[in-house]
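What follows is the residue order along each chain.
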Amino acid sequence: MNLKPIINSTVAGTSSMTLFSYLVSEKKEENFREPLVLADLISRLSPKMRKSDAAVDGWALHYIAGFGFSSLYHKLWKSGKVKPGILSGSLLGAASGLAGILVWKGVFKLHPNPPAKDLKKYFGHLMLAHVVFGAFAGMAYKSKVEEKKFIQESK
């Protein structure tokens, strides 16, 4: 299995989503930064854990989730039923946003000591952030696929 298109879409999508979340967090003066929210949840489960270790774990979980979503998108795009690109990526991102919100709701509900957070605002932001994820994942995937076709045609 060629992981390059999946890795490209993971890095592009997750990095763009995270940048979007950092920019919105600054503007709104709220913490919508997914890796840092994850780190906070992790450190609250294990108070003796160093904050820096929790931060590394939060970032790792964030990119692992991005890889999971990109892998699902890959299956759809590779099937040929859906063409990779900004539009399909945005729509898949919206669907991923709904799935992500359900997961986050469960995490906040089951966590023994979740941080105080306006979940309605956070989930609204999460939906938009996933659309950004999907759009950039779709662009990156499409560019990698087109690059591969170009190389094959040039031989």
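Please read these numbers as outputs of a predicted model, since none were measured by experiment. (Residues numbered from 1 in each chain as written. Predicted model: local features only at pLDDT ≥ 70, side-chain atom pairs only at ≥ 80, totals over all residues. Heavy atoms only, no water.)

Let's talk about helix H1 (residues 4-28)
Helical geometry note: an α-helix holds 3.6 residues per turn, so side chains three or four residues apart project in the same direction.
Stage number 1. Along its 25 residues, H1 runs 35 Å from first to last C-alpha, staying within 8% of the 36 Å computed at 1.5 Å per residue.
Stage number 2. Turning to H1, its buried residues are Pro-5, Ile-6, Ser-9, Thr-10, Gly-13, Thr-14, Ser-16, Met-17, Thr-18, Ser-21, Val-24 and Ser-25.
Stage number 3. Just downstream of H1 lies Glu-29, where phi reads positive at about 55°. (Helix = DSSP H or I, 4+ residues; strand = E, 2+ residues; numbered from the N terminus. Expected span 1.5 Å × (residues − 1). Buried < 20%, exposed > 50% of the residue type's maximum accessible area, 1.4 Å probe, protein only.)

Structural notes on the packing of H1 against helix H3 (residues 51-79)
Stage number 1. The contact between H1 and H3 brings their axes to 8 Å, and the two run at 130°. Taken together, the axes of H1 and H3 are oblique relative to one another. When the axes of H1 and H3 are compared, the crossing they make is right-handed. Across the interface between the two elements, Ile-6, Ile-7, Ser-9, Thr-10, Val-11, Thr-14, Ser-15, Met-17, Thr-18 and Tyr-22 from H1 touch Trp-59, His-62, Tyr-63, Gly-66, Phe-67, Ser-70, Ser-71 and His-74 from H3.
Stage number 2. Among the residues forming the contact of H1 with H3, the class breakdown is eight nonpolar, ten polar and no charged. (Axes fitted to C-alpha atoms, helices over the stretch in contact; angles between N-to-C directions. Parallel < 35°, antiparallel > 145°, perpendicular 65-115°, else oblique. Left-handed = near helix turned anticlockwise from the far one by under 90°. Contact = heavy atoms within 4.5 Å. Nonpolar A, V, L, I, M, F, W, Y, C, P; charged D, E, K, R; others polar.)

Quick look at the nonpolar core
Stage number 1. One finds Val-24, Phe-32, Val-37, Leu-38, Leu-41, Ile-101, Trp-104, Phe-108, Tyr-122, Phe-123 and Leu-126 forming the largest nonpolar core, which totals eleven residues.
Stage number 2. For this core, the secondary-structure elements that each account for two or more residues are helix H2 (34-45), helix H4 (86-110) and helix H5 (119-154).
Stage number 3. Ignoring any residue separated from it by four or fewer positions in sequence, one finds Leu-41 in contact with Trp-104, Val-107, Phe-108, His-111, Pro-114 and Pro-115.
Stage number 4. Core analysis: the next-biggest nonpolar cluster, separate from the first, contains nine residues, Trp-77, Leu-92, Ala-129 and Tyr-141 among them. (Core = buried A, V, L, I, M, F, W, Y, C linked by side-chain atoms within 4.5 Å.)

As for the packing of aromatic side chains
Stage number 1. The tally for this structure, following the rule as stated, stands at eleven aromatic pairs.
Stage number 2. Ring geometry for Trp-104 against Tyr-122: centres 5.3 Å apart, planes inclined by 75°, an arrangement best described as edge-to-face. One end of the pair, Trp-104, is in helix H4; the other, Tyr-122, is in helix H5, with 18 residues separating them in the sequence.
Stage number 3. Taking relative accessible area as the criterion, Trp-104 reaches 10% and is therefore assigned buried.
Stage number 4. A residue is classified by how much of its surface remains accessible, and Tyr-122, at 0% relative accessible area, is buried.
Stage number 5. Taken together through their ring pairs, the aromatic side chains of Phe-32, Trp-104, Phe-108, Tyr-122 and Phe-123 make up a single cluster.
Stage number 6. In this structure, Arg-33 is placed above the aromatic ring of Tyr-22, and the distance from its NZ or CZ to the ring centre is 5.1 Å. (Phe/Tyr/Trp six-rings, centres within 6.5 Å; stacked < 30°, edge-to-face > 60°. Lys NZ or Arg CZ within 6 Å of the ring centre and 35° of its normal.)

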